[in-house]
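Structural description and commentary
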Amino acid sequence: MNGPVPMADPAAEYRLLKAEIDAAVSRVLASGRYVLGPEGEALEREIAAYVGAAHAVGCNSGTDALHLPLVAIGVGPGDEVVVPAFTFFATAEAVSYTGATPVFADIDPASFNLSLASLERTVTARTRAVIVVHLFGQCAAMDEISAFCASRSLVLLEDCAQALGAQYQNRRAGGWGEFGCFSFYPTKNLAAAGDAGMITTRNSDHEKTLRMLRHHGSRQTYLHERVGWNSRLDELQAAVLRVKLRHLEEFNSARRRVAQRYRDKLKGVQLPAEDARGRHVYHQFTIRSGRRDAIREALGRDGIAASIFYPIPLHRQPAYQSANLASNRDVALPASEAAAKTVLSLPINPLLDDASVDRVCARVQAALA
Ligand SMILES: Cc1ncc(COP(=O)(O)O)c(C=O)c1O
């Protein structure tokens, strides 16, 4: 009897790094310093250096890592922010928190990332910012998109929740835009043991504002310049993340090896396209097939997980169909809608062994036979 094959396996990562993680956690517990301390500061320096950004500011989640920069640049009611329709809900939710309107653009069907042509059509006089998402671990066409945003004076934010370590033209995700927004949710390529996030920026004024916003609008104890949030990255999470960051390159290479094995063995489905201008870090390995539901069912019968990221594009979500967003009902974003109907993400994680990958491939092929 074969055991289950999960999508991600955070506990296996812990088992592999147990000695290092336990030592780091004990160090923090013994220190008595649990929120805003040396671990968080060290992690900020390490992530900034890794990404190639001047500054990094820790926060509570990837969602906050998108929200706080929008607040920092003054996005609010009456403004529009363009986001791709094919992404996790939080990308648009962060815009809605500010009172601004998320306006949905379509994707390039090959990369699943924001389409420049659709972005050009979606921008209006009210557009303040664009959030580009490096979906599934592959960067969007950052040279073209950042040149366009610069030409229109639009602030570019990168949603790097799925793409720490991905590159485009030898620059890492998070090093292109005004802000890089990262999630360390437990299934991400760099994964905390809980919620955590980080923002990178090259601008020291932004950095100062973000530090204030994440800490109740305060720079000086009990002096509050504005209303902010409690969105701090705690020391235990930072310590765990620092251990795992030392293994990130090796883990991302392992993900790429799993992806290559899938490529070699899968036939009769559309494989994810790799953009030669960058380095894909395979947060997900996402195939496309008109028979994806049958494939998913067959995998499920054998204890193999497979997920649909994402079944409903954001312009079709009930939350974005309300009266003041009625125009979303009339919007057609064909590439996002087609992707939602055909995508299927197969298990991928750095510790997935060859035998499991082969078993997944054999099941996929049997389902298609
Ligand atoms: C593309 C994308 N954006 C934003 C987020 C939000 O991150 P978090 O769950 O840490 O709030 C996630 C992940 O969950 C994501 O995948």
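What counts, and where the lines are drawn
- Residues numbered from 1 in each chain as written.
- Predicted model: local features only at pLDDT ≥ 70, side-chain atom pairs only at ≥ 80, totals over all residues.
- Heavy atoms only, no water.
- Pairing = 2+ DSSP bridges.
- Helix = DSSP H or I, 4+ residues; strand = E, 2+ residues; numbered from the N terminus.
- Axes fitted to C-alpha atoms, helices over the stretch in contact; angles between N-to-C directions.
- Parallel < 35°, antiparallel > 145°, perpendicular 65-115°, else oblique.
- Left-handed = near helix turned anticlockwise from the far one by under 90°.
- Contact = heavy atoms within 4.5 Å.
- Nonpolar A, V, L, I, M, F, W, Y, C, P; charged D, E, K, R; others polar.
- Core = buried A, V, L, I, M, F, W, Y, C linked by side-chain atoms within 4.5 Å.
- Buried < 20%, exposed > 50% of the residue type's maximum accessible area, 1.4 Å probe, protein only.
- Near = heavy atom within 4 Å.
- Areas by Shrake-Rupley, 256 points an atom, 1.4 Å probe, with all protein chains shown as cover.
- Disulfide = S-S within 2.5 Å.

With respect to the sheet that holds strand 1 (residues 55-59)
Either a parallel or an antiparallel arrangement is found when strands of a sheet pair, and the pairing is made through backbone hydrogen bonds. Taken in spatial order, the seven strands of this open sheet run 1-9-8-5-4-2-3, and their pairing is mixed. This sheet does not close on itself; its edge strands, each paired only once, are strand 1 and strand 3 (101-105). Adjacent strand axes in the sheet meet at a mean angle of 25° when their direction is disregarded. For strand 2 (residues 80-84) and strand 3, the ladder comprises five bridges, and the chain directions are parallel. When the sheet's bridge partners are listed, V82 is paired in strand 3 with V103.

Topic: the packing of helix 2 (residues 18-31) against helix 9 (residues 235-245)
Where helix 2 contacts helix 9, the axes come no closer than 9 Å and their chain directions differ by 150°. In terms of axis orientation, helix 2 runs roughly antiparallel to helix 9. Our pair here, helix 2 against helix 9, has a crossing hand that is right-handed. Contact residues: E20, I21, A24, V25, R27, V28 and L29 in helix 2; E235, L236, A239, V240, R242, V243 and K244 in helix 9. When the residues that make up the contact of helix 2 with helix 9 are grouped by side-chain class, the tally is nine nonpolar, no polar and five charged.

With respect to the packing of helix 3 (residues 38-51) against helix 9
Running from N to C, helix 3 and helix 9 cross one another at 40°; their axes reach a closest spacing of 8 Å. Overall, the two elements helix 3 and helix 9 adopt an arrangement that is oblique. As helix 3 runs across helix 9, the sense of the crossing is left-handed. Contacts between helix 3 and helix 9 involve P38, E39, G40, A42, L43, E46 and I47 from the former and E235, A238, A239, L241, R242 and L245 from the latter.

Considerations on the nonpolar core
Proteins that are soluble and globular tend to have nonpolar side chains buried together. Formed by 42 residues in total, the largest nonpolar core has its most connected members in I47, L164 and F184. Where this core is concerned, the elements lending two or more residues are helix 3, strand 4 (127-133), helix 7 (142-151) and helix 9. Looking at this core, the element that brings in the most residues is helix 3, giving five residues. With residues up to four places along the chain from it excluded, the contact list for F184 reads I47, L164, L190, A191, A192, G194, A196, G197, M198 and L241. Core analysis: the second largest hydrophobic core is formed by 36 residues, L266, I308, L344 and L352 among them.

Describing the sheet that holds strand 7 (residues 171-172)
Taken in spatial order, the three strands of this open sheet run 7-6-12, and their pairing is antiparallel. The sheet is open, and its two edges are formed by strand 7 and strand 12 (278-279), each paired on a single side. Two strands pair when backbone bridges link them, and strand 6 (residues 167-168) and strand 12 are joined in this way by two bridges, in the antiparallel orientation. Along strand 12, the bridge assignment pairs Y168 with G278.

Quick notes on the site of the ligand
The full set close to the ligand counts 14 residues, and G62, T63, D159, S183 and K188 are the nearest of them. Coverage of the ligand by the protein amounts to 92% of the 380 Å² it exposes when considered alone. Within the residue set of the shell around the ligand, elements represented by two or more residues are helix 4 (62-72) and helix 5 (90-97).

Examining the state of the cysteines
For the structure on display, the rule yields zero disulfides. Unpaired in terms of disulfides, C139 finds its nearest cysteine sulfur in C160, a separation of 7.2 Å. The class for C139 is buried, based on a relative accessible area of 3%.

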